[in-house]
Amino acid sequence: YQRRVHGDAQRKDIRETIIELVLATDMGLHGKIFANWKRRLGIDHDLYKKKDDQRLAMSMAIKMADISNCGRPESLYLKWGAKLSEEFFLQGDNERNRGDQVSPFMDRFAPSMAKSQIAFMNYVVIPMFESIAEYLTNMQFCVEHCETNKAYWASNDDSL
């Protein structure tokens, strides 16, 4: 019986952790999670002692993986960015075909990849990557790739 109770508690803990990590990729929760991360790093960098701190660190890792394209070398970034852009355009096509208003950045007839990527990097990616690089200094290269990719869009505006 003791083994099953421990197993059930562990299973519950793992399930809760996985749910929290999946929810961490919801951009609607980005501000809250990132604010918690910055607050926690302001105390100290010992994120391995408490379960909540471990989950926060894992949430930030999955968030970084989720938006990692901006932190890749330019050639890879542009390749995957084109795929992402096409996915957005397909959503916009679907919205247009239903008679709905096309969501921002999803209209293939009014491309704005440069503006959307620069804004996304300025307000979401770079601040988050810089904060992670403060904790994991070996991740600084991602910030540098973001800056290079942002410079690409600054000189290659695709808006009409």
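Calculation rules
Residues numbered from 1 in each chain as written. Predicted model: local features only at pLDDT ≥ 70, side-chain atom pairs only at ≥ 80, totals over all residues. Heavy atoms only, no water. Helix = DSSP H or I, 4+ residues; strand = E, 2+ residues; numbered from the N terminus. Rg over C-alpha atoms; globule rule 2.2 N^0.38 Å. Buried < 20%, exposed > 50% of the residue type's maximum accessible area, 1.4 Å probe, protein only. Contact = heavy atoms within 4.5 Å. Areas by Shrake-Rupley, 256 points an atom, 1.4 Å probe, with all protein chains shown as cover. Lys, Arg positive; Asp, Glu negative; His and termini not counted. Charge placed at Lys NZ, Arg CZ, Asp CG, Glu CD. Salt bridge = Lys/Arg side-chain N within 4 Å of Asp/Glu carboxyl O.

*Asks:* When you look at the overall build of the protein in this model, what are you seeing that I'm missing?
*Replies:* The helix and strand inventory of the protein stands at six helices and zero strands. The C-alpha atoms of the protein give a radius of gyration of 19 Å, which is well past the 15 Å a tight globule of 160 residues would have. In terms of its C-alpha atoms, the protein occupies a principal-axis envelope of roughly 65 × 40 × 25 Å. Counting the 160 residues in the protein, one finds 32% classified as buried. In the protein, of all internal contacts separated by at least 6 residues, the share reaching a separation of at least 24 is 64%. When the accessible area of the protein is evaluated, it comes to approximately 10300 Å², of which 56% is carbon and sulfur surface. For the protein, the distance from the average position of its 22 positive side-chain charges to the average position of its 23 negative side-chain charges is 8 Å.

*Asks:* Can you walk me through the pattern of salt bridges in this structure?
*Replies:* Any two side chains of opposite charge can pair, so long as their charged atoms come close to each other. According to the stated counting rule, one finds 15 salt bridges in the structure shown. Note that Arg55 is salt-bridged to Asp13, the shortest N-O span being 2.7 Å. You can see Arg55 sitting in helix H3 (residues 51–66) and its partner Asp13 sitting in helix H1 (residues 2–24), a full 42 residues away along the chain. For Asp13, a relative accessible area of 24% gives the class partly exposed. Residue Glu147 is joined to Lys150 by a salt bridge in which the shortest nitrogen-to-oxygen separation is 3.6 Å. In this pair, Glu147 and Lys150 are both assigned in helix H6 (residues 140–154), three residues apart and thus about one turn of the helix distant.

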